[in-house]
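Here are the chains, one letter per residue:
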Amino acid sequence: MEEKRDSKQEQLIRDLYDKLNWFTFDATDAEFDAEQVQAILGRLEALDPMAAGQKTESQIAEAVARFAELEKQKKNDESIDPESAFQRFRVKYHISDEDLARKNESAQG
């Protein structure tokens, strides 16, 4: 049974997705906050559960753990080339050129 959402709840969901996208694509290392990302993911899971066939909760937890490990490694290695780090991030989290193009289109429009 799916719950109907009011406009305030829909706006909150959109705002959370926007903030998550900002952390993912725009935040600098200094601005990135892994705890806040995890809190956003948890809130989104409660407000906007994924449809069948999408990532499971354990897959999401694994992705967050991998991302946290990558962040830990980045902090330990001050000499990381940003382009190489971004490419490793894309490979690790299966971000395609198409995903980036969609993100750029949504940011421009």
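Residues numbered from 1 in each chain as written. Predicted model: local features only at pLDDT ≥ 70, side-chain atom pairs only at ≥ 80, totals over all residues. Heavy atoms only, no water.

Asker: Pulling in residues and values, what's your account of the nonpolar core?
Answerer: If you look at the biggest cluster of nonpolar residues, it comprises 15 residues, and the most contacted ones within it are I40, L44, F89 and Y93. Among the elements of the structure, α1 (7-25), α2 (34-47) and α3 (57-76) are those that each provide at least two residues to this core. Excluding residues within four positions of it along the chain, I40 makes contact with L16, K19, L20 and F23. (Core = buried A, V, L, I, M, F, W, Y, C linked by side-chain atoms within 4.5 Å. Buried < 20%, exposed > 50% of the residue type's maximum accessible area, 1.4 Å probe, protein only. Helix = DSSP H or I, 4+ residues; strand = E, 2+ residues; numbered from the N terminus. Contact = heavy atoms within 4.5 Å.)

Asker: I'd like a rundown of the pattern of salt bridges, residues and numbers included.
Answerer: For the structure on display, the rule yields three salt bridges. A salt bridge links R90 to D97; its shortest N-O distance comes to 2.4 Å. On the basis of relative accessibility, which here comes to 56%, the residue D97 falls in the exposed class. Where D99 meets R102, a salt bridge forms, and the shortest distance between an N and an O atom there is 2.5 Å. Within this pair, D99 and its partner R102 are both found in helix α5 (residues 97-108), separated by three residues, close to a single helical turn. Using a relative accessible area of 24% as the deciding quantity, one classes D99 as partly exposed. A network of salt bridges, in which partner residues are shared, links E98, D99 and R102. (Salt bridge = Lys/Arg side-chain N within 4 Å of Asp/Glu carboxyl O.)

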